[in-house]
Amino acid sequence: MANDIWGSLRERYRPGPPRRLLALDGGGIRGVLTLELLFEIEQQLAKVTGRGPDFRLCQFFDYIAGTSTGAIIAAGLARGMSTAALLDFYTKLGPEIFKKERLLLRLKHFYQSDPLVAQLQATYGASTTIAPEHLQCLLLVVTRNVTTDSPWPISSAPVAKYNARDRGDCNLQIPLWQLVRASTAAPIYFPPEVLEWEKGNPDKSFVFVDGGMTPYNNPSFLLYRMATAPAYRLEWPTGERKLMLVSVGTGASANLGPDALAPETNIAATLAGLPGALMNGASVDQDINCRVIGRCVFGASIDSELGDMIPRRGDVPIPLADDLGRHFLYARYNADLSERGLAGLGLSDIDGAAVGKLDAVEQVPELRRVGRAAAKQVQLAEQFGELVTSAR
């Protein structure tokens, strides 16, 4: 009976480990940077598996999570889209999605939601849900339920408590486009999304905003928990030879505030930047948790105290053949958008402040350049060993 609820995914999820997870950050139009990194990952895996141009990331990753713009990408990948098709989506439709509202309406929100709704419906299908028959791998979309004042990570795993088909409020009946729209409803930028979770029951109609307004704008450690913790009912085995997690960011850099000589000169800017500072802090915390519980095989330095947290003997990384007993192998791929970070990528001509904006549609070519430069850090077969090479 347990296998029956998996539907068309039954054979895919019958075998045991290894399992492979992919987590995608939020970040508005900077999703094109994520996609350039994913394109490189897709190309490397296509070569390793020998499947060539027909290869899709959903064939390698068993569970894909995304928040906000990451949810748009994650949903497309779970539906079987290529990274090239998703890049085309972003580069062609970004200006339309971020079309300015009339001046007075901008007091409530900056951008129209209808163009995004139309494009999400066209891309995923208006009647497509997160049920197994509509996806090629498991999907996790992070949003925030304003009505209940709580993060709502919505999983497509058919074994999950709120995915039971006999429930009136079964998650699997929610349209995919609407769930993604809820995850991308950034306050001020877009209106909130209202979802009717149970037909005819007003108590089960909720208001949702962007998943980036939760601690999970980077959903990496959340994805690990939901794949392994008993409460979520998947209970995938942990271990360095049983589980791997790839986390992909949308670019980041520190926003420097006032110095000690003038501590009060930038108070207004500091307050305005507080939501972003909290989101960045939560994202870094997700990353650190993954490096503590998992075994980091690649990632930029966290800070001068923690470093990159890659296990070493002296200055030499410990070979993967030496199992250290961590719960999973982990890599964090991202790009530093600071002046120093861009210079390190050979892109000193790019303005980090300009490309760092969530709605910088005019910066898409530059964001793609940053993504392609950052993609050179991806060496999957070397960084993950047999968890990648065994996929042949």
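By convention here, each chain's residues receive numbers from 1 onward along its written sequence. For this predicted model, a pLDDT threshold of at least 70 governs which residues receive local features, and a threshold of 80 or more governs which side-chain atom pairs are given and counted, while totals over whole chains, interfaces and linings are taken from all residues. To obtain the side-chain values, all non-hydrogen atoms of the structure were included, while hydrogens and water were left out.

Draft legend 1. Local environment of the nonpolar core. What is meant by a nonpolar core is a set of buried Ala, Val, Leu, Ile, Met, Phe, Trp, Tyr and Cys residues, joined one to another through side-chain atoms within 4.5 Å. Burial classes follow relative accessibility: with a 1.4 Å probe on protein chains only, a residue under 20% of its type's maximum area counts as buried, one over 50% as exposed, and anything between as partly exposed. Counting residues in hydrophobic clusters, the biggest one holds 109 residues, and the most contacted among them are L38, I41, Y63 and F384. A run of H or I in DSSP becomes a helix once it reaches four residues, and a run of E becomes a strand once it reaches two; helices and strands are each numbered from the N terminus. Examining the composition of this core, we find that 9 residues originate from one element, helix 1 (residues 31-49), more than from any other. Here, two residues are considered to be in contact whenever any of their heavy atoms come within 4.5 Å of each other. With residues up to four places along the chain from it excluded, the contact list for F384 reads M244, L245, V246, V297, L320, L329, Y330, A331 and Y333.

Draft legend 2. Spotlight on helix 11 (residues 364-374). Along helix 11, the positions that sit buried rather than exposed are V364, L367, V370, G371, A373 and A374. As for helix 11, its buried residues are in contact with helix 1, helix 3 (83-97), helix 9 (339-344) and helix 10 (352-355).

Draft legend 3. Highlighting the packing of aromatic side chains. Here a pair means two rings of Phe, Tyr or Trp (six-membered ring of Trp) with centres within 6.5 Å. Their orientation is stacked below 30 degrees between planes, edge-to-face above 60, and tilted elsewhere. If you walk through the whole model with that rule in mind, you get 14 aromatic pairs. By way of ring pairs, the aromatic residues W6, Y13, Y63 and W236 are connected into one cluster. Counted as over-ring charges are cases with an Arg CZ or a Lys NZ within 6 Å of the ring centre that also lie within 35 degrees of the ring normal. The cationic tip of R19 hangs over the ring face of W236; the distance from NZ or CZ to the ring centre is 5.1 Å.

Draft legend 4. Seen up close, unusual backbone geometry. Look at the link from P17 to P18: it is a cis peptide, with omega at 10°. Assignment of secondary structure puts P18 in the segment before strand 1 (19-24). Positive phi, normally seen in glycine, also occurs at S68, with a value near 55°. For S68, the location among the structural elements is in the loop between strand 2 (63-67) and helix 2 (69-78).

Draft legend 5. Structural context of helix 1. If you check helix 1, its first and last C-alpha atoms are 26 Å apart, about what 19 residues at 1.5 Å a residue would give, namely 27 Å. With 15 of 19 residues buried, helix 1 lies mostly within the body of the structure. A positive backbone phi angle near 75° is found at G50, which sits one or two residues after helix 1. Expected helix span is given by 1.5 Å per residue-to-residue step, counting one fewer step than there are residues.

Draft legend 6. Molecular detail of the side chain of N163. Among the secondary structure elements, N163 is positioned in the loop between strand 4 (150-155) and helix 5 (176-183). When neighbours within four sequence positions are excluded, N163 is seen to be in contact with S155, S156, A157, P158, C170, N171 and L172.

Draft legend 7. Region of the structure containing the packing of helix 1 against helix 11. Orientation is described by lines fitted to C-alpha atoms, with helices fitted over the stretch in contact, and by angles between N-to-C directions that extend from 0 to 180 degrees. Orientation of helix 1 relative to helix 11, taken along the N-to-C sense of each, is 35°, at an axis distance of 8 Å. Crossing handedness for the pair helix 1 and helix 11: right-handed. Across the interface between the two elements, V32, L33, E36 and L37 from helix 1 touch V364, L367, R368, V370, G371, R372 and A374 from helix 11. Note on residue classes: Ala, Val, Leu, Ile, Met, Phe, Trp, Tyr, Cys and Pro are nonpolar, Asp, Glu, Lys and Arg are charged, and everything else, Gly too, is polar. Grouping the constituent residues of the contact of helix 1 with helix 11 by class yields 7 nonpolar, 1 polar and 3 charged. For any pair of crossing helices, the crossing counts as left-handed if the nearer helix is rotated counterclockwise from the farther one by less than a right angle, and right-handed if it is rotated clockwise.

Draft legend 8. Up close: the environment of L320. Take L320: it is sitting in the loop between strand 10 (316-317) and strand 11 (329-333). Judged by relative accessible area, L320 falls into the partly exposed class, the value being 27%. For L320 and R241, which are 79 residues apart along the polypeptide, the C-alpha to C-alpha distance reads 9.3 Å. When sequence neighbours within four positions are dropped, the list of residues in contact with L320 reads R241, R295, V297, L329, E382, Q383, F384 and G385.

Draft legend 9. Looking closely at the side chain of T214. Inspection of the secondary structure assignment puts T214 in the loop between strand 6 (205-210) and helix 6 (220-228). Two N or O atoms count as a polar contact when they lie within 3.5 Å, although within protein this holds only if one can serve as hydrogen donor and the other as acceptor, and sequence-adjacent residues are included solely when both atoms are side-chain atoms. Reaching out from T214, the side chain makes a polar contact with the backbone nitrogen of Y216 at a distance of 3.0 Å.

Draft legend 10. Spatial organisation of the pairing of strand 7 (residues 243-248). The buried fraction of strand 7 is high, at 6 of 6 residues. Burial along strand 7 is two-sided: L243, L245 and S247 facing one way and M244, V246 and V248 facing the other are all buried. Pairing analysis gives 6 bridges linking strand 1 to strand 7, with the strands arranged parallel. In the strand pairing of strand 7, L22 is matched with V246. Here strand 7 runs beside strand 11; their pairing, made up of 5 bridges, is parallel. Paired with L245 across the strands is Y330, a residue of strand 11. Two strands qualify as a pair provided DSSP detects at least 2 bridges between them.

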